[in-house]
Amino acid sequence: MSTLAPLRLLREPWNTSEGNQSNTTVGASSGWCQGLDIPHELFLALGLVSLVENLLVVAAILKNRNLHSPTYYFICCLAVSDMLVSISNLAEMLFMLLLEHGVLVMRPSIVRHMDSVIDMLICSSVVSSLSFLGVIAIDRYITIFYALRYHSIMTLQRAVVTMASIWVASTVSSTVLITYYRSNTILLCLIVFFLFMLVLMLVLYIHMFALARHHLHSISSQQKPPTAHRGGSLKGAVTLTILLGVFFICWGPFFFHLILIVTCPTNPFCTCFFSYFNLFLILIICNSVIDPLIYAFRSQELRRTLREVITCSW
């Protein structure tokens, strides 16, 4: 094991013959096609930072009763998904280092079993992270366009059902992915899901920004100060847009990697792209590091609670 376990399964294309694969490897063995050699210490450092940050976010939401709402429960679940990425990364790195230094001696069958468990954790976090980003976007959309009916539409019971459904679906889908990861059909389903959620969030955000811009123009023409509600709605839309942009930048290369595996596994350019797989993994971990920083600096209530948690002001 040299990288994150489940993503390592998708590192190289499998739907090529050995001859074709060796030819493309030889043809892509020079220049920028060598890829990047990223030290294990960087994976460990980013994993630790992400784990601590997301633990603080979860603790802050649990501590402050003002944050006990469907919106922040969804954010809490997103933080848990990011924690799964960190835990999986840390677990595999430590597991691998112990094996390499002979501190831990295990049978190959047990190693494969441990590998599969880590596979399921990270794949589940991929699906759940994307799903909760979509749910948070829908929740913000309802807040802006159906403000008076929000509490009747997004009840606590519906929020709990939504969260439970996402976690169950993520677990089932990760099991299917690990079992049939060599199937192009499974990869296509994952790619389509990513593109669908991305388009859904883009449409919602564009609509929210269009409304916010319309109200700002109306307020400007009437020479009235903006209301706190509209200002908060615009700020929330900006926050979610930043989250979406960060997610797309961090996860986009990996999903493009999957697309190339399906469409052009033997093409020299695709082979060169595959060699940068470790960089894609670093970007994925960076996503779980950046998300908590966005919560802390964009939400005043959460920022204040985070300070209390850090200073142990319980």
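Treat the numbers as computed from the prediction; the structure is a model and nothing was measured. (Residues numbered from 1 in each chain as written. Predicted model: local features only at pLDDT ≥ 70, side-chain atom pairs only at ≥ 80, totals over all residues. Heavy atoms only, no water.)

A. View of the overall build of the protein. Helix and strand counts for the protein stand at 12 helices and 0 strands. Going through the 314 residues of the protein one by one, you find that 47% of them count as buried. Long-range pairs, those at least 24 residues apart, make up 84% of the contacts in the protein between residues at least 6 apart in sequence. With the model as given, the accessible surface of the protein reaches about 15700 Å², and the carbon-plus-sulfur share is 68%. (Helix = DSSP H or I, 4+ residues; strand = E, 2+ residues; numbered from the N terminus. Buried < 20%, exposed > 50% of the residue type's maximum accessible area, 1.4 Å probe, protein only. Contact = heavy atoms within 4.5 Å. Areas by Shrake-Rupley, 256 points an atom, 1.4 Å probe, with all protein chains shown as cover.)

B. Representation of the packing of aromatic side chains in the model. According to the stated counting rule, one finds 11 aromatic pairs in the structure shown. Aromatic side chains Phe254 and Phe255 sit 5.6 Å apart centroid to centroid with 75 degrees between the ring planes, which places their arrangement in the edge-to-face category. In this structure, Phe254 and Phe255 share a single accessibility class: buried. Here the aromatic cluster, defined as three or more aromatic residues joined through ring pairs, consists of Phe194, Trp251, Phe254, Phe255, Phe256, Phe269, Phe273, Phe277 and Phe280. (Phe/Tyr/Trp six-rings, centres within 6.5 Å; stacked < 30°, edge-to-face > 60°.)

C. Representation of the pattern of salt bridges within the structure. Within this structure, the stated rule accounts for 3 salt bridges. Two residues, Glu301 and Arg304, come together in a salt bridge whose shortest N-O distance is 2.7 Å. Taken together, the residues span about one helical turn, with Glu301 and Arg304 both in helix α12 (residues 300-310) at a distance of 3 residues. Accessibility expressed as a relative area gives 25% for Glu301, which makes it partly exposed. Residue classification places Arg304 among the partly exposed residues on the basis of a relative accessible area of 32%. By sharing partners, the salt bridges in this structure join Lys63, Glu301, Arg304 and Glu308 into a single network. (Salt bridge = Lys/Arg side-chain N within 4 Å of Asp/Glu carboxyl O.)

D. Inspection of the environment of Met154 at higher detail. By the secondary structure assignment, Met154 is in the loop between α6 (150-153) and α7 (156-179). Spatially, the C-alpha atom of Met154 lies 9.6 Å from that of Ser69, the residues being 85 residues apart in sequence. Setting aside residues no more than four positions away along its own chain, Met154 makes contact with Pro70, Phe74, Asp139, Ile142 and Ala159.

E. Representation of the nonpolar core within the structure. Within the largest apolar cluster, 83 residues are counted, with the highest numbers of intra-cluster contacts made by Ile61, Met201, Trp251 and Phe255. When residues in this core are grouped by element, the largest group, 13 residues, is from helix α5 (residues 108-145). Dropping the residues within four chain positions of it, Ile61 is found in contact with Leu67, His68, Tyr72, Ile75, Cys76 and Leu302. (Core = buried A, V, L, I, M, F, W, Y, C linked by side-chain atoms within 4.5 Å.)

F. Representation of the side chain of Asp139. Turning to its location among the elements, Asp139 is positioned in helix α5. In this structure Asp139 is buried but unpaired, with Arg140 as the nearest side chain of opposite charge at 5.5 Å. A distance of 2.3 Å separates a polar atom in the side chain of Asp139 from a polar atom in the side chain of Thr71. (Lys, Arg positive; Asp, Glu negative; His and termini not counted. Polar contact = N/O pair within 3.5 Å; in protein donor to acceptor, adjacent residues only side chain to side chain.)

G. The arrangement of α12 in detail. Taken together, the buried positions of α12 are occupied by Leu302, Thr305, Leu306 and Val309. Projected onto a plane normal to the axis of α12, the buried residues spread over an arc of 105 degrees and lie on a single side. A positive phi of about 60 degrees marks Cys312, the residue just after α12. (Arc of directions from axis to C-beta.)

H. View of the packing of helix α3 (residues 40-63) against α12. Between α3 and α12, the least distance of the axes is 9 Å, while the angle of their chain directions is 105 degrees. Overall, the two elements α3 and α12 adopt an arrangement that is roughly perpendicular. When α3 is examined against α12, the residues Leu56, Val57, Ala59, Ala60, Ile61 and Lys63 are found in contact with a partner set consisting of Leu302, Thr305, Leu306, Glu308, Val309 and Ile310. Taken together, the residues that form the contact of α3 with α12 break down as 9 nonpolar, 1 polar and 2 charged. (Axes fitted to C-alpha atoms, helices over the stretch in contact; angles between N-to-C directions. Parallel < 35°, antiparallel > 145°, perpendicular 65-115°, else oblique. Nonpolar A, V, L, I, M, F, W, Y, C, P; charged D, E, K, R; others polar.)

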